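What follows is each chain in one-letter form.
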Amino acid sequence: MGLTHSADTGEETSGHGGGFWALTLGSIGVVYGDIGTSPLYAFREALHAATEGGRLMSQEAVLGVISLILWALIVIVTLKYVLLLLRADNKGEGGTLTLMALAQRALGRSGTVLLLLGTIGAAMFYGDAIITPAVSVLSAVEGMKLVTPAFDPFVVPITVAIIVALFAVQSHGTARVGAFFGPIMALWFVVMGLAGLWHIKDAPVVLAAFNPWHAVAFMLSHGHIGFVALGAVFLAVTGAEALYADLGHFGRKPIQMAWMTLVLPSLALNYLGQGALVLNNPAPQILDNPFYMLVPQNPIFLVPMVVLATVATIIASQAVITGAYSLTRQAIQLGLLPRMKVAHTSEHQSGQIYIAQVNGILLVGVLILVLAFESSSRLASAYGIAVTTTMVVTAMMAFLVIWKVWRWSALTAALIIVPFLLIDLVFLSANLLKVHDGGWVPLMIAAALMILMITWRRGTRLVLEKTRRTEVPLMTIVKSLEKGSVARVPGTAIFLTSDPDYTPTALLHSLKHYKALHEKVAILTIETTDDPIVPGGGRITLEEVSASFTKMRVQFGYMESPNVPKALALSRRAGWSFDIMDTSFFLSRRHLRGGAQPLMWRWQRRLYMILARNADDASDYFSIPSNRVVEIGTQVLI
């Protein structure tokens, strides 16, 4: 069969660029944007639910709500995410699909349940990505009504204008703007914490909320109302998943340091301040917006606070939007979504990407929510279900990672994860009570995306199985061609295929129509590894099949945008000369048609054909120069 060679650049990823404190400051801007803007609405919504709009106001209710929020921050965010899950990384990367890849590596890729869990988690993240900008920006702009009620009719139009502008600048990249995210969010947390600290003196009894008994007593004594309030309390921890998803950008220790030294203390002080303010004066106007009531009701103080809050919510939205781009790239690489054009907006950071289709879908979704719900209170009911579902999925997969990857005993893994899983399930159950009030929105979004992912994966598998039946083993063709029965022309031909053991359809059609073959032929297979990044931009393995035939396998990480010419340049180190100007790439373009005996449901087949038709060209996706590509069509009946 010949010799096998392997090559890569020999370069290792440098890890996280920048100093520790620079990364810590950066994580404050990107990682904690979502959870950092929760005080704008979380306590208000939880208190309204616990007191039925203020009608059942009591000190026990306020202390119970504050205690629930504080202990949710401590148990879910600090213990589960900051101290535990940040250690479950895949070579420095985190996130739902990363956890799935880790578990798949340990259990084998055949785990259907694992794939389903990853699909659910990814689909729910998109629901969160659409709701977060809508509820965050709306809640910030609503503060303008406190400056003067005359602003009330302009809240929605201003929100729409901000959101349109936010999505319009995405294609230009956020690298420069991102440099200001950290300092602005750090200022936001300091101001927010000081505003809360100032009001704690109004009712020092609020400090008793650190006693978890107040949370337990509230739940035991308030029955159904307490359970409903729990769904609103969860708004305080939305954004916790970002801790894990953005692990690769900043590293574990900077994220942990930012949480322990600034973010958690500021959030705790602000919630305590809001509670003290309400205990001291439970007037309706304070209950309507306790966050902004922490600030003196003078335009000199109130206007800057509204502006700072609006900027903070834009930053929080930006983090979720870029997270949706990254998740989409991972999903494409893992075969869950069709190819889309991934544009890099920074020469220095591979994570700075832009996907036009995702940007457009998110923009339309956010605008529909803003125009349909018109207020952050109404929209808050739609928030939480997506995040709690993702957290449940994350906990389940974390159990597998701790057991199989960390090689701890199943009992130990269960003792660690089951308490977190039970808490997540309780929060999920509480959030499910909000389905009829708007909670159906993320469920509908996630269901639509799951149908897309499942349809794409199933359709792709069926097409591969169908084409496999007509393919010929590669060695059969090679032995035939080596006898000299076909004319040879100068140059190199590279045929892309998903299975290197069978002759690519493009090669068979080329021989059929041209009756000739290039002097050098390579059968190229592109694989996505379980690693997030392959050092050096790709790993190439060469296997000599005959004097003129070579099998090539190029591997990319699931967080990378594959660049085939760059990866093939590595072949020179393995002794295989490569000149892009003397090389032609042959791709098979499948034309799908409905067969007499359909392999899929009619609606699913039609959906798959639409997705396939709109998928990005393989040459663009793999960064192959279009003037070096020859596409050969073939018909496939499904």
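Note that the structure is predicted; figures quoted are calculated from it, not measured. (Residues numbered from 1 in each chain as written. Predicted model: local features only at pLDDT ≥ 70, side-chain atom pairs only at ≥ 80, totals over all residues. Heavy atoms only, no water.)

Structural notes on the overall build of the protein chain
Convention followed: Put simply, DSSP H or I for four residues or longer makes a helix, DSSP E for two residues or longer makes a strand, and each gets a number counted from the N terminus. Just to be clear, the radius of gyration here is over C-alpha atoms, and the globule rule we use is 2.2 Å times residues to the power 0.38. Exposure classes here rest on a 1.4 Å probe applied to the protein chains alone. A residue is buried below 20% of its type maximum, exposed above 50%, and partly exposed in between. Note on definitions: a residue-residue contact is assigned when non-hydrogen atoms from the two residues lie within 4.5 Å. Surface exposure here means Shrake-Rupley accessible area, sampled with a 1.4 Å probe, where a residue is shielded only by the protein chains that are shown. Asp and Glu count as negative and Lys and Arg as positive, but His and the ends of the chain are not part of the count. In this description, the location of a charge corresponds to atom NZ of lysine, CZ of arginine, CG of aspartate or CD of glutamate.
Helix and strand counts for the protein chain come out as 26 helices and 9 strands. Against the compact-globule benchmark of 26 Å for 638 residues, the protein chain has a radius of gyration of 27 Å, which places it among compact chains. Counting only C-alpha atoms and orienting by the principal axes, one finds that the protein chain spans roughly 95 × 50 × 45 Å. Here the protein chain holds 638 residues, and 56% of them are scored as buried. Nonlocal contacts in the protein chain, meaning residues at least 24 apart in sequence, comprise 83% of its contacts between residues at least 6 apart. When the accessible surface of the protein chain is summed, it comes to about 26,200 Å², and 62% of that surface belongs to carbon and sulfur atoms. The distance from the centre of the 45 positive side-chain charges to the centre of the 38 negative ones in the protein chain is 8 Å.

As for helix 22 (residues 474-481)
Along an α-helix, residues three or four apart share an orientation, since each turn contains 3.6 residues. Our working rule: The directions from the helix axis to the C-beta atoms form the arc being described.
Listed in full, the buried residues belonging to helix 22 are Leu-474, Ile-477, Val-478 and Leu-481. The arc that holds every buried residue of helix 22, seen down its axis, measures 100 degrees, which confines them to one face. Packing partners of the buried residues in helix 22 comprise strand 4 (487-496), helix 23 (505-514), strand 5 (516-528) and strand 7 (549-556).

Quick word on helix 16 (residues 299-333)
We apply this condition: Every helix has an expected span of 1.5 Å times one less than the residues it contains. Here a polar contact is recorded for every N or O atom pair within 3.5 Å, except that within protein the pair must consist of a potential hydrogen donor and a potential acceptor, and residues adjacent in sequence are included only if both atoms are side-chain atoms.
Here helix 16 is 35 residues long and its end C-alpha atoms lie 51 Å apart, about the 51 Å a rise of 1.5 Å per residue gives. Burial of helix 16 is extensive: 26 of the 35 residues sit out of reach of the surface. One side-chain oxygen at the N-terminal end of helix 16 lies 2.9 Å from the backbone nitrogen of Ile-300; it belongs to Asn-298. After helix 16 finishes, the residue Gly-335 shows a positive phi value of roughly 80 degrees.

Structural notes on the side chain of Thr-51
Tracing the chain through its elements places Thr-51 in helix 3 (residues 42-51). Sequence-distant contacts of Thr-51, defined by excluding residues within four places in its chain, comprise Leu-56, Met-57 and Ala-61.

Considerations on the pattern of salt bridges
Selection rule: Just to be clear on terms, a salt bridge is a Lys or Arg side-chain nitrogen sitting within 4 Å of an Asp or Glu carboxyl oxygen.
Applying the stated criterion across every chain, the model contains 8 salt bridges. Here Asp-424 makes a salt bridge to Lys-80, at a shortest N to O gap of 2.5 Å. In this pair, Asp-424 sits in helix 20 (residues 410-432) while Lys-80 sits in helix 4 (residues 59-84), placing the two residues 344 residues apart along the sequence. A salt bridge links Glu-465 to Arg-461; its shortest N-O distance comes to 3.2 Å. One end of the pair is Glu-465 and the other is Arg-461, both in helix 21 (residues 440-468) and 4 residues apart, which spans about a single turn. Residue classification places Glu-465 among the partly exposed positions, given a relative accessible area of 36%. With a relative accessible area of 42%, Arg-461 lands in the partly exposed category. Residues joined by salt bridges that share partners form a network here, namely Arg-589, Asp-617 and Glu-631.

Some points on the packing of helix 1 (residues 20-30) against helix 13 (residues 252-280)
Short version of the rule: Axis definition: a line fit to C-alpha positions, over the contact stretch in the case of helices; interaxial angles, taken between N-to-C directions, run 0 to 180 degrees. An angle counts as roughly parallel when it lies under 35 degrees, as roughly antiparallel when it exceeds 145, as roughly perpendicular when it falls between 65 and 115, and as oblique in every other case. Each crossing gets its hand from how the near helix is turned against the far one by less than a right angle, where anticlockwise is left-handed and clockwise is right-handed.
It is at 8 Å that the axes of helix 1 and helix 13 come closest, and there the two elements cross at 65 degrees. As the angle between them shows, helix 1 and helix 13 are arranged roughly perpendicular. Of the two possible hands of crossing, helix 1 and helix 13 adopt the one that is right-handed. Contact residues: helix 1 offers Phe-20, Trp-21, Leu-23, Thr-24, Ser-27 and Ile-28, while helix 13 offers Lys-253, Pro-254, Ile-255, Met-257, Ala-258 and Leu-262.

What to know about the nonpolar core
Test applied: Buried Ala, Val, Leu, Ile, Met, Phe, Trp, Tyr and Cys residues form a nonpolar core when they are joined through side-chain atoms within 4.5 Å.
Counting 189 residues, the largest nonpolar core has Tyr-32, Leu-73, Trp-188, Phe-189, Trp-259 and Leu-568 as its most contacted members. Per element, the largest residue contribution to this core is 18 residues, and it comes from helix 6 (residues 112-141). Setting aside chain neighbours within four positions, we find Leu-73 in contact with Ile-35, Thr-78, Ala-236, Val-237, Trp-259, Leu-264, Leu-267 and Tyr-271. One finds Ile-477, Leu-481, Leu-517 and Phe-549 within the second-largest nonpolar core, a separate group that totals 16 residues.

In short, shape yes, function no, at least from these values alone.
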